[in-house]
Amino acid sequence: MILGKPIWRFALLALTILLLLSLAISEPTEKEIFDDEDSEGIEELLAVDDEAEQEQETHGKFSDAEVLTKAQRIVLELNSDSAKRVIEQNEYVLVLGYAPWCARSAELMPQFAEAANTLKALGSSVVLAKLDAERYPKAASGLEIKGFPTLLLFVNGTSQAYTGGYSAEEIVIWARKKTGVPVIRVNSVTEAEEFLKKHHMFAVGVFEKFEGPVYEEFVKTATADNEVQFVEVSNIEAARVLYPDIESSGFFLGIVKSEPERYAGYEGAFEMEKLLQFLDHNKFPLVTKLTELNSVRVYSSPIKLQLFVFAKAEDFKDLHEPLQDVARKFKSKIMFIYIDIADENLAKPFLTLYGLEDSEDTVVAAFDNQISSKYLLQTDATPANIEDFSSKFLQGSLSPYFKSQPVPDNKEASIQVVVGKTFDDIVLNSPKNVFLEVHTPWCINCETISKQVEKLANHFKDLNNLVFARIDASANEHPKLQVVDYPTLLFYPASDKANPVIYVSAKSSLKNMAKVISKHVRSSDDAPKDEL
């Protein structure tokens, strides 16, 4: 059938309209952008929706979700084909290697996107990109991404490890420092007020002139530090907006934080190492909440005495303010850390060290990372008790804590069950020889060895000067029990409990073990025959 001219024209017009509409409402996918060989660079990848920006100007600010969506568009999604090209074509590229199943990656992703948005607004030349390392393992291997999440900065194609914090603000600070902007200069009260709105923590340096040895040490410190934003001021009125108690003469450095202990001024020689030490001891809040993202910074803190409070979020609300008052008294000497006890990933590994992994009540514990000792507050977690505990912790007068199961009933037992609390009585202080089996629930060979020990105990049951015992090393500790391999069999001679004999049980037959035991406990009257 042949269409008449009017109908043909109408059909053509309708088809044209449909094509135009489809072009107007469709956007190229990331894959289409990457596959476009006619692209003139990554400007197209970094473009922000102009219509959305105009709509913002007309109708007001974006919602949080809209801001995040916009920011995520700025982060490039790399793949096997584009990764190398993007890195080669840009002076600075900050790459986030992630895996979809990784919880820390998921937590970092919105911070990374927000950082990208901020850096773009600041006119930074740093390109932020992300790579699904599980989907593109070859590209990940080529970039030396081995764990998740991994952040790498590529400068003219050469990578360097990321060493900053993991909030959006910290990512921005680190990226700018590593790309030539270690210090922000503030020239007026207005600029100081605007700066104060945008930064939660910063180091402020006040100088009459931005020159000379003292100023040079300040800039060197700003460049060497990876986490704190530095700002320099010469206008004293502008400086007092940032740090109200600044004197009007000489030079000054102070740190400002958005928490009750807001200001801390430096007193000492302007030398980079000393300035960095000052920052390291003052950049954390009085009480730091541990998260997946700040855990590395917390663990690497130069403050080696660390006090941990494990509590439910609702319980910690009442404790937080008085705990800050306690922490203030030990500032720069003890680091106070809060962990939500409901967060199994963070709380459980610590609480397991105390045998308290199932606890739902508030727990106060302490670690001396210099000597790898741990301590436990065994009274109520009141501010007064925590302060007393902290004072003794600082003085070194606390007794280290060793976890222990409850004392068992060993009556009629052929093999005595030893726990941390009874190790001294049953093993070290006993006048008898003690044959001790050290095991754990997860040990592959422990069950087989336990059966052998039971046979040995039955064989030597009539020997009056020999005790067979066993201890679960996963749930019990003692300073004199230092075992790293399981199972381990230890023979404690009655005459020398300080030097137990260690048996390599996996390579020893039952008969050989019996012979060795007989050798140590044999007497002319009651030694049994060696045969089993």
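These numbers come from a predicted model, not from an experiment. (Residues numbered from 1 in each chain as written. Predicted model: local features only at pLDDT ≥ 70, side-chain atom pairs only at ≥ 80, totals over all residues. Heavy atoms only, no water.)

1. Some remarks on the pattern of salt bridges
Working step 1: In the structure shown here, the tally under the stated rule is 21 salt bridges.
Working step 2: Here Arg328 and Glu261 are joined by a salt bridge, their closest N and O atoms 2.6 Å apart. One end of the pair, Arg328, is in helix H15 (residues 313-329); the other, Glu261, is in the loop between strand E9 (252-257) and strand E10 (263-265), with 67 residues separating them in the sequence.
Working step 3: The buried category is assigned to Glu261, whose relative accessible area is 17%.
Working step 4: Each member of the salt-bridge network shares a partner with another, and the members are Glu170, Glu227, Asp280, Lys283 and Arg297. (Salt bridge = Lys/Arg side-chain N within 4 Å of Asp/Glu carboxyl O. Helix = DSSP H or I, 4+ residues; strand = E, 2+ residues; numbered from the N terminus. Buried < 20%, exposed > 50% of the residue type's maximum accessible area, 1.4 Å probe, protein only.)

2. Things to note about a negative patch on the surface
Working step 1: Side chains of Glu314, Asp315, Asp318, Glu357, Asp358, Glu360 and Asp361 sit close together on the surface and give a patch of like negative charge.
Working step 2: Examined against the element boundaries, Glu314 turns out to sit in helix H15. (Patch = residues over 30% accessible without salt bridge, like charges linked within 9 Å, V, L, I, M, F, W, Y side chains within 5 Å. Areas by Shrake-Rupley, 256 points an atom, 1.4 Å probe, with all protein chains shown as cover. Lys, Arg positive; Asp, Glu negative; His and termini not counted. Charge placed at Lys NZ, Arg CZ, Asp CG, Glu CD.)

3. Section: the packing of helix H11 (residues 213-224) against helix H13 (residues 272-282)
Working step 1: One can describe the packing of H11 onto H13 by two numbers: an axis separation of 9 Å at closest approach and a directional angle of 50°. By the angle between their axes, H11 is oblique relative to H13. Here the hand of the crossing between H11 and H13 comes out right-handed. Facing Glu217, Lys220, Thr221 and Ala224 of H11, the residues of H13 in contact are Met272, Leu275, Leu276 and Leu279.
Working step 2: Across the contact of H11 with H13, the residue classes break down as five nonpolar, one polar and two charged. (Axes fitted to C-alpha atoms, helices over the stretch in contact; angles between N-to-C directions. Parallel < 35°, antiparallel > 145°, perpendicular 65-115°, else oblique. Left-handed = near helix turned anticlockwise from the far one by under 90°. Contact = heavy atoms within 4.5 Å. Nonpolar A, V, L, I, M, F, W, Y, C, P; charged D, E, K, R; others polar.)

4. What about the packing of aromatic side chains?
Working step 1: Tallying each qualifying case throughout the model produces 30 aromatic pairs.
Working step 2: Their ring planes at 35° and their centres at 6.3 Å tell us that Phe330 and Phe336 sit as a pair that is tilted.
Working step 3: Phe336 sits in the buried class, given a relative accessible area of 1%.
Working step 4: Pairing Phe423 with Tyr492 gives two aromatic rings, centres 6.3 Å apart and planes at 80°, and the pair type is edge-to-face. (Phe/Tyr/Trp six-rings, centres within 6.5 Å; stacked < 30°, edge-to-face > 60°.)

5. Some thoughts on the sheet that holds strand E4 (residues 150-155)
Working step 1: Strand order in the open sheet made by the five strands is E1-E3-E2-E4-E5, with mixed pairing throughout. What marks the edges here is a single partner per strand, and that holds for strand E1 (76-78) and strand E5 (158-161). Adjacent strand axes in the sheet meet at a mean angle of 30°, parallel and antiparallel pairs treated alike.
Working step 2: Bridge count between strand E2 (residues 92-98) and strand E3 (residues 127-132): six bridges; the pairing is parallel. Counterpart to Gly97 in the pairing with E3 is Leu131. (Pairing = 2+ DSSP bridges.)

6. Focus on the side chain of Ser373
Working step 1: Mapping Ser373 onto the fold places it in strand E15 (residues 373-376).
Working step 2: Apart from residues no more than four positions distant in its own chain, Ser373 is found in contact with Ala366, Phe367 and Asp368.

7. Overview of the sheet that holds strand E13 (residues 335-340)
Working step 1: The five strands lie next to each other as E11-E13-E12-E14-E15, forming an open sheet whose pairing is mixed. What marks the edges here is a single partner per strand, and that holds for strand E11 (287-289) and E15. Between one strand and the next, the sheet's axes are offset by a mean angle of 25°, whatever the strand orientation.
Working step 2: Bridging between strand E12 (residues 305-311) and strand E14 (residues 363-368) involves six bridges; their strand directions are antiparallel. Residue Leu307 lies in a different strand from E14, and its bridge partner there is Ala366.
Working step 3: Here H15 sits on the sheet in contact with E11, E12 and E13, set at roughly 180° to E13.

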